[in-house]
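Results of the structural survey
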Amino acid sequence: MNIEYFITENSIYLDGCQFKTYGISAVDKLSKKKESDFDDVSLGKAFVADLVSLLNSTEVELCHFNDVVIDELNK
């Protein structure tokens, strides 16, 4: 697999309050180019870290990246 997945961190503001959100980036291992992002997956860092681990350990292809994230969110 040429893709490696990494956790990302963002901030969103809602009603004047700041929240830290976590997302996932898909990066080409050879070129180090970011191929895709899925921002604001969850407020829970542990959940997203587990999902990144799942994506990397099962070597999910980039074409299935979004579907796998959505499937995990819908569990």
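Provided above is the structure to which this section pertains.
So, the sheet that holds strand β3 (residues 34-42)
What the three strands build is an open sheet, ordered β1-β2-β3; its pairing is antiparallel. With partners counted over all chains shown, the strands left at the sheet margins are β1 (3-14) and β3, one partner each. The sheet shows a mean angle of 25° between the axes of neighbouring strands, direction not considered. Where strand β2 (residues 17-28) and β3 come together, five bridges link them in antiparallel fashion. Bridge assignment links isoleucine 24 to a residue of β3, and that residue is phenylalanine 38. Sitting on the sheet, helix α1 (residues 45-57) is in contact with β1, β2 and β3, with an inclination near 160° to β1. Across the sheet, helix α2 (residues 65-73) lies against β1, β2 and β3, angled at about 10° from β3, the strand it touches most.

The rules behind these values
- Residues numbered from 1 in each chain as written.
- Predicted model: local features only at pLDDT ≥ 70, side-chain atom pairs only at ≥ 80, totals over all residues.
- Heavy atoms only, no water.
- Pairing = 2+ DSSP bridges.
- Helix = DSSP H or I, 4+ residues; strand = E, 2+ residues; numbered from the N terminus.
- Axes fitted to C-alpha atoms, helices over the stretch in contact; angles between N-to-C directions.
- Contact = heavy atoms within 4.5 Å.

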